[in-house]
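Here is what each chain is made of, one letter per residue.
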Amino acid sequence: MLQIQDTLVSLDLVERFFFCDLDSCHGECCIEGDAGAPISDEEDAQLKRILPEIWNDLLPQAQREIEANGVSYIDEEGDRVTQIVGGKNCVFTCYGENGMCYCAIEKAYREGRIDFYKPISCHLYPVRLKQYPTFTAVNYHRWKICKCAEVLGRQKGVRAYQFLKEPLTRRFGKEWYDELCLTCEMYLKEYGDE
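Residues numbered from 1 in each chain as written. Predicted model: local features only at pLDDT ≥ 70, side-chain atom pairs only at ≥ 80, totals over all residues. Heavy atoms only, no water.

(A) Quick peek at the pattern of salt bridges. Within this structure, the stated rule accounts for twelve salt bridges. Here D57 ties to K107 by a salt bridge, and the two come within 3.7 Å at their closest N and O atoms. Remark: K107 occurs in helix α5 (residues 104-110) and D57 occurs in the loop between α3 (41-54) and α4 (60-69); sequence separation between them is 50 residues. We classify D57 as partly exposed; its relative accessible area is 22%. Taken together, the shared-partner salt bridges in this structure form one network comprising D57, K107, E111 and R113. (Salt bridge = Lys/Arg side-chain N within 4 Å of Asp/Glu carboxyl O. Helix = DSSP H or I, 4+ residues; strand = E, 2+ residues; numbered from the N terminus. Buried < 20%, exposed > 50% of the residue type's maximum accessible area, 1.4 Å probe, protein only.)

What follows is the structure, encoded as structure tokens:
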């Protein structure tokens, strides 16, 4: 683990290569899993606020799920997560003509229709955060559906922490990210750069 300010960062972020390969996985991380994406109470409020703007982008099943149960729920571990459809899809997924899964929130943001990018847990993936009383753990979540992203990352020579520059900066700030980069470079210099 690397200590960066009040966080402990998994060495996987330094050692592992990662670059999302949507052409191979088709956005599987928004479809598979046993719960929706973790969100904060503030993000829950944001999702409710932007819902009218993205409503027509959502699948009919997702619209019915939201009408019946809202945009989020508390899962078995006590965390607030986005609602899911049929035990799989996040309610905010939508599909392109090519069968690619997209985030309706991010799509609307990129089109300039809303001012909320998407929940930070989605933006950070494959990083998962765990809050403790005195620090935040920044962990790399290994999942077989992201194997293609690790292969592409290795081909491009992009480490996970480099690929995640934008979301890590969004969550922790530029000063934190700059310190992370410096620490990662020192670590790789000392322990070997594959």
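(B) Spotlight on the confidence of the model for the chain. Looking at the chain as a whole, the pLDDT averages 88, with 91% of positions reaching at least 70. Put simply, helix α2 (residues 22-25) is where the chain has its lowest mean pLDDT, 65, and α3 is where it has its highest, 95. (pLDDT = per-residue confidence, 0-100.)

(C) Geometry of the packing of helix α9 (residues 165-172) against helix α10 (residues 174-191). Packing of α9 against α10 leaves a shortest axis separation of 7 Å and a crossing angle of 130 degrees. Looking at the two axes, α9 sits oblique to α10. Only K174, W176, Y177 and L180 of α10 make contact with α9, whose side of the interface consists of K165, L168, T169 and F172. Looking at the contact of α9 with α10 residue by residue, the classes come out as five nonpolar, one polar and two charged. (Axes fitted to C-alpha atoms, helices over the stretch in contact; angles between N-to-C directions. Parallel < 35°, antiparallel > 145°, perpendicular 65-115°, else oblique. Contact = heavy atoms within 4.5 Å. Nonpolar A, V, L, I, M, F, W, Y, C, P; charged D, E, K, R; others polar.)

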